[in-house]
Amino acid sequence: MENLIYWMGLAGIGVFSISGALAALRQQLDPFGLIVIATVTAIGGGTLRDIILDLPVFWVIDPTSIYVILATAVITPFWARFLESRMKVLIWADAFGLALFAATGTQKAMTTGTSAVVAITMGVMSAAAGGAIRDILCNEIPLVLRKELYAVPAILGGSSFYIMTQAAIDPVLTLLVSCLITLMVRLVAVTYSLSLPALGKRPEHQ
């Protein structure tokens, strides 16, 4: 199980790195800017999680994550030019990263003995914080604040991971189901523009 979590974590880093690189390309940043955006997207959420949980920051102990980021960031511009819509691919890549990190982030928090609320919150932070930093640096409204559901899929995925783990369901099945829940809810929300109801009323023009 630990090996699967590790490799899925690297997969999530790679996917988020691609989404960061695509966002940088949309803003026509230089190569250094592209690598910076790819890096903060891929490891920003996990770094915050580890700092809050008072754990060694994962990419400091094992720099493999950095190598994955550099490799995907360098390769992305060569195939991205052939895409009809970089935004569409960015959203899909982000959805896969969201699904992977919501589960692996929750799992890592659970290993420290935190409560359910804290574990799920850390999963959401792992999944969403990097993308939020990416969008802010690219001068865009973060996906987490846009119309379609974003944090909710991560909450559902993290909650399912926690509940299934507590129920002693097969760890591999737990991980796969959790990721699938997050991914499907996110993609359905994007496809059908599903969102939470807005609170309050817009002020009427005088």
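Residues numbered from 1 in each chain as written. Predicted model: local features only at pLDDT ≥ 70, side-chain atom pairs only at ≥ 80, totals over all residues. Heavy atoms only, no water.

Engineer: So, the nonpolar core: which residues are in play, and what are the values?
Structural biologist: Where a protein is soluble and globular, its nonpolar side chains tend to be buried together. Judged by nonpolar contacts, the single largest core of 30 residues is most densely connected at Ile-13, Leu-34, Ala-42, Ile-69, Ala-127 and Ala-154. Mapped by element, the contributors of at least two residues to this core are helix H1 (2-26), helix H2 (31-52), helix H4 (64-80), helix H5 (86-110) and helix H6 (116-137). Top contributing element to this core by residue count: H1, with eight residues. Leaving out residues up to four positions away in the same chain, Ile-69 has contacts with Ile-13, Ser-17, Ala-38, Thr-39, Ala-42 and Ile-43. (Core = buried A, V, L, I, M, F, W, Y, C linked by side-chain atoms within 4.5 Å. Buried < 20%, exposed > 50% of the residue type's maximum accessible area, 1.4 Å probe, protein only. Helix = DSSP H or I, 4+ residues; strand = E, 2+ residues; numbered from the N terminus. Contact = heavy atoms within 4.5 Å.)

Engineer: Before we move on, can you summarise the pattern of salt bridges with the specific residues and values?
Structural biologist: Overall, the coordinates contain five salt bridges when judged by the stated rule. Put simply, Arg-26 and Glu-140 hold a salt bridge, and the shortest N to O gap is 2.6 Å. Linking Arg-26 in helix H1 with Glu-140 in the loop between H6 and helix H7 (151-166), this pair joins segments that are 114 residues apart in sequence. Asp-94 is the partner of Arg-134 in a salt bridge, and the nearest nitrogen-oxygen pair spans 2.9 Å. Highlighted residues: Arg-134 in helix H6 and Asp-94 in helix H5, separated in sequence by 40 residues. The exposure class assigned to Arg-134 is buried, which follows from its relative accessible area of 0%. Put simply, Arg-49, Asp-50 and Lys-108 are held in one network by salt bridges that share partners. (Salt bridge = Lys/Arg side-chain N within 4 Å of Asp/Glu carboxyl O.)

Engineer: Mind laying out the packing of H1 against H5, listing which residues take part and the relevant values?
Structural biologist: Two numbers describe how H1 lies on H5: the axes approach to 8 Å, and their chain directions differ by 150 degrees. The angle between the axes of H1 and H5 places the two elements in the roughly antiparallel class. Between H1 and H5 lies a crossing whose hand is left-handed. Among the residues making up the contact of H1 with H5, the classes are represented as 17 nonpolar, six polar and three charged. (Axes fitted to C-alpha atoms, helices over the stretch in contact; angles between N-to-C directions. Parallel < 35°, antiparallel > 145°, perpendicular 65-115°, else oblique. Left-handed = near helix turned anticlockwise from the far one by under 90°. Nonpolar A, V, L, I, M, F, W, Y, C, P; charged D, E, K, R; others polar.)

Engineer: Talk me through the packing of H5 against helix H8 (residues 171-192); I want residue IDs and the actual numbers.
Structural biologist: It is at 8 Å that the axes of H5 and H8 come closest, and there the two elements cross at 145 degrees. The two elements H5 and H8 meet at a crossing, and its hand is right-handed. Residue-level inspection shows Ile-91, Trp-92, Ala-95, Phe-96, Leu-98, Ala-99, Leu-100, Ala-102 and Ala-103 of H5 in contact with H8, the latter providing Leu-175, Ser-178, Cys-179, Thr-182, Leu-183, Arg-186, Leu-187 and Val-190. The residue inventory of the contact of H5 with H8, partitioned by class, reads 14 nonpolar, two polar and one charged.

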